[in-house]
Amino acid sequence: MPKITSIFLFFMTFSLSISAQEDLLMNIDGRNTISLNGTWSYIIDPYETGFYDYRYKERNENDREAYWNRPVTEKRSDRVEHGYGDKYTLQVPGDWNSQEEVFKYYEGTVWYQREFSLDELPEDKRFFLHFGAVNYEAHVYLNGKKLGSHKGGFTPFNFEIPRLLLKKEENFLVVKVDNKRHPEEIPTVNTDWWNFGGITRDVHLVTLPQNFIQQYAIHLTPGQDLETAKKRKRFDISGSIKLSGPVNDDSFVTIEIPEVRVKERFEVTGDSLAFSFRGKGIKLWSPEDPKLYEVIFSHNGEPLKDRIGFRSIKTEGKDILLNGEKIFLRGISIHEEIPQQMRRAHSKEDARQLFGYVKDLNANMVRLAHYPHNENMTKMADSLGILVWSEIPVYWTIDFENPEVLKKAKKQLSEMIIRDRNRASVIIWSVGNETPVSPVRTEFMKALIKEARELDDSRLISAALEVGNDNGVFRIDDPLGEFTDIVAVNEYLGWYGGLPGDAKTAKWEVTYNKPLFFSETGAGAKAGYHAEKETRWSEEYQEWYYREQVEMMKRMPNNYSGLSPWILTDFRSPRRNHPDFQEGWNRKGLIDNEGNRKKAFFVLKKYYEELLSEGIRDNG
Ligand code: GCU
């Protein structure tokens, strides 16, 4: 290429990259996309040789030895020491740990690479790369130029591709993924789950017009008189729309709900609008009747479709009200894992398998622990009528003193909320789990609660709080409980301390006039190991634990609004190393890693059946 052109191209690319934007794109399924899932080549790079030179200086962009550059041998004498091919490949989406033995415990950098070509490259379109999630840190390069980087292992992100950088043929895409744990990250170095690394969720190339709908929120208008609205079947609906950029004056967005003959047109000023309208004949979403409507947002003739359920969730004193009626949460906690293959869950089939277990348990709610799960889970929860607690991994002893850590937590919180704020099933945003009580921690968590409310005032905000044990009197007085909508606690009376029978005399005191939710309770058992109930790790011990817990739950104060026992299935954890009973598995699952239901599964299932028959329903 003649010199002048390449210099021009460089400056054009560079200048365009400045204007390239990274605001999260919502509803990828509703967009014009090409999947980049499939077989990618990889290089394992524990010393980050592809990123730093031998003096440990970050390589400059055109460094031939940088792993983001295509290795080129022009002459036989050329020295090249890296390369991509079909000898070393990984499937995307998917964690690397479960794909090759060499990756089982690997924590470090892996370079992923693939090429893609385009049938057409229309001048009037914009192009973005969208990642469902990469754990933990991603640096994304295309044709030797960095598009951007992202931290956070469980939330989506996207980068615009400067127009001049994209080619029709053989686009060279490289992603540097690093899953090393650090004290100043979210989560920090200490977690009771496996550090699955990789491009763990879907990757798409997204084609969009010059100006498009970037984000939107639509829901029942909080605070309306629901009883009157239900009688008249006429609900106030409101929300907001954010465009990719400011528009000229006569720009409009149309919102349609064809099934109930809603078609509303709103003028846009600048790059956003807040809207409200009245929807007649709408049936509310509930676990018993998870009604979803096709909603079509149109701008510049480009329709963006979504399937939306309309419902209200709020608390009133000690009660949780769904659509104005008291509801009880028959929950279960879930990690994002398919235990049979010891891997991260990511697909619709995976979601179907996990929700199959949930339905078998007679549960109406899941606590997606301890991080935002993939979007297939929350979309399927919408369709199945399963209520969802969704959480960011502010887990245990985070570096609460560090303002940079608060920024990272807020970013993950906003990515979680923006992605799923139109999912009727999601009723609770949780800002953390079992964070140790201290003034600095409570200030940190209060800031997250404030941020969550600013992002979404239509849902409940929670966190798994700490509970004090004063000689068998369990006092729920965590200062953070003053700022959450419900008081949720994890308790393990009879597993971590005492025996299951101690639950008989346990007393519970709740300092707050708020709904009480048990976000965890559980005991371990090796499936198939049978002994007298006093024998730890036997199925009988776990069954005894659940029987005693159920009896204790029946004696709870009237704040008691639900539970999500720990946990649906056995899951991988490097902290669990008993050579006979654990071998790297946390065995508190009600189902083992081969899909066998343990005896305790049927204790909880029976309890939930009783609650249903007693009319403690999810009628919402
Ligand atoms: C804690 C924690 C879980 C953990 C569980 C356990 O409460 O929240 O992440 O796995 O207890 O010890 O099994």
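All of these numbers come straight from a predicted model, not from anything done at the bench. (Residues numbered from 1 in each chain as written. Predicted model: local features only at pLDDT ≥ 70, side-chain atom pairs only at ≥ 80, totals over all residues. Heavy atoms only, no water.)

Enquirer: Before we go on, may I ask you to explain empty space enclosed by the protein in this structure?
Expert: Any empty space left between atoms is shown by rolling a water-sized probe over those atoms. Evaluation of the coordinates by the stated rule reveals five cavities of 30 Å³ or more. Taken as a whole, the largest cavity holds about 120 Å³ of empty space. Lining the largest cavity are 13 residues, and of these Asn135, Tyr136, Arg181, Pro187 and Asn195 sit closest to its centre. For the second largest cavity, the calculated volume is near 60 Å³. If you go around the second largest cavity, the residues you meet are Leu24, Leu25, Met26, Asn27, Ile28, His130, Pro156, Glu375 and Arg419. (1 Å grid on protein atoms, 1.4 Å probe; cavity = no way out; pocket = protein on both sides within 12 Å on 5 of 7 lines; lining within 4 Å. Points joined across faces, edges and corners; volume = space filled by probe spheres on them.)

Enquirer: Where do I start with the layout of surface pockets in this structure?
Expert: By volume, the second largest pocket is sized at about 470 Å³. As for the second largest pocket, its lining consists of 27 residues, and the residues nearest its centre are Pro222, Ser312, Ile313, Lys314 and Ser458. Residue assignment for the lining of the second largest pocket shows that the elements contributing at least two residues are strand E11 (213-220), helix H2 (226-232) and strand E18 (313-316). In terms of residue class, the lining of the second largest pocket is built from seven nonpolar, 10 polar and 10 charged. Each of domain 2 (213-311) and domain 3 (323-613) accounts for three or more of the residues forming the lining of the second largest pocket. (Helix = DSSP H or I, 4+ residues; strand = E, 2+ residues; numbered from the N terminus. Nonpolar A, V, L, I, M, F, W, Y, C, P; charged D, E, K, R; others polar. Domains from an automatic or database assignment.)

Enquirer: What am I meant to see in the site of the ligand here?
Expert: Around the ligand, the surrounding shell holds 14 residues, and the nearest of these are Asp192, Glu434, Tyr496, Glu520 and Lys588. At 3.1 Å from an oxygen atom of the ligand is found a side-chain nitrogen or oxygen belonging to tryptophan 566. Contacts to the ligand include lysine 588, whose side-chain N or O atom sits 2.6 Å from an oxygen atom. When isolated, the ligand has an accessible area of 320 Å², and the protein chains bury 97% of it. Taken together, the residues that form the shell around the ligand break down as five nonpolar, four polar and five charged. (Near = heavy atom within 4 Å. Polar contact = N/O pair within 3.5 Å; in protein donor to acceptor, adjacent residues only side chain to side chain. Areas by Shrake-Rupley, 256 points an atom, 1.4 Å probe, with all protein chains shown as cover.)

Enquirer: What should I look at first to understand the domain arrangement of the protein chain in this one?
Expert: Many authors give the size of an interface as the accessible area that is lost as the parts come together. Here the protein chain is described as being made up of domain 1 (2-209), domain 2 (213-311) and domain 3 (323-613). In this structure, domain 1 and domain 2 have C-alpha centres spaced 36 Å apart. Each partner contributes to the interface: domain 1 provides 11 residues, whereas domain 2 provides 10 residues. Buried surface at the junction of domain 1 and domain 2, summed over both partners, amounts to about 890 Å²; 37% is from carbon and sulfur atoms. Together, Met26, Asn27 and Arg31 form the three largest contributors to the area buried by domain 1 at its contact with domain 2, with a combined 47%. Our enumeration of links across domain 1 and domain 2 arrives at two salt bridges. Lysine 125 is the salt-bridge partner of glutamate 302, the closest N and O atoms lying 3.8 Å from each other. In this structure, the connection of domain 1 to domain 2 is made through nine residue pairs in polar contact (both at pLDDT 80 or more). (Contact = heavy atoms within 4.5 Å. Buried area = accessible area lost by both parts, 1.4 Å probe. Salt bridge = Lys/Arg side-chain N within 4 Å of Asp/Glu carboxyl O.)

Enquirer: I would appreciate a short explanation of the sheet that holds strand E15 (residues 272-280) in the present structure.
Expert: Strand-to-strand pairing in sheets goes through backbone hydrogen bonds, with the strands running parallel or antiparallel. Here we have three strands laid out as an open sheet, ordered E11-E12-E15, and antiparallel in their pairing. Every interior strand has two partners, whereas the edge strands, E11 and E15, have only one. Across the sheet, the axes of successive neighbouring strands diverge by a mean angle of 20°, strand direction being ignored. Pairing geometry for E11 and strand E12 (residues 234-243), over seven bridges, is antiparallel. Each residue of the ladder has a partner; that of isoleucine 218, found in E12, is glycine 239. (Pairing = 2+ DSSP bridges. Axes fitted to C-alpha atoms, helices over the stretch in contact; angles between N-to-C directions.)

Enquirer: In this structure, what is going on with the packing of aromatic side chains? I would like to understand it.
Expert: In the structure shown here, the tally under the stated rule is 43 aromatic pairs. For the ring pair phenylalanine 131 and phenylalanine 157, a centre distance of 5.0 Å and an interplane angle of 10° mean the geometry is stacked. Of this pair, phenylalanine 131 sits in strand E5 (residues 125-131) while phenylalanine 157 sits in strand E8 (residues 157-161); the two residues are 26 residues apart in sequence, bridging distant segments of the chain. The exposure class assigned to phenylalanine 131 is buried, which follows from its relative accessible area of 0%. By relative accessible area, phenylalanine 157 is classed as buried at 4%. Among the aromatic side chains, those forming a connected cluster through ring pairs are Phe51, Tyr52, Tyr56, Tyr67, Trp68, Trp111 and Tyr141. (Phe/Tyr/Trp six-rings, centres within 6.5 Å; stacked < 30°, edge-to-face > 60°. Buried < 20%, exposed > 50% of the residue type's maximum accessible area, 1.4 Å probe, protein only.)

Enquirer: It is not clear to me how the environment of arginine 114 should be interpreted in this structure. Could you clarify?
Expert: Examined against the element boundaries, arginine 114 turns out to sit in strand E4 (residues 109-116). Of the residues examined, arginine 114 reaches a relative accessible area of 17% and is grouped as buried. C-alpha separation for the pair arginine 114 and lysine 588, spaced 474 residues apart in sequence, amounts to 39 Å. Sequence-distant contacts of arginine 114, defined by excluding residues within four places in its chain, comprise Leu36, Asn37, Trp40, Asn171, Phe172 and Leu173.

Enquirer: Is there a simple way to think about the environment of arginine 126 in this case?
Expert: Its location among the elements puts arginine 126 in strand E5. Taking the C-alpha atoms as reference, arginine 126 lies 44 Å from serine 519; in sequence the two are 393 residues apart. There is a polar contact of 2.8 Å between the side chain of arginine 126 and the backbone oxygen of glutamine 210.

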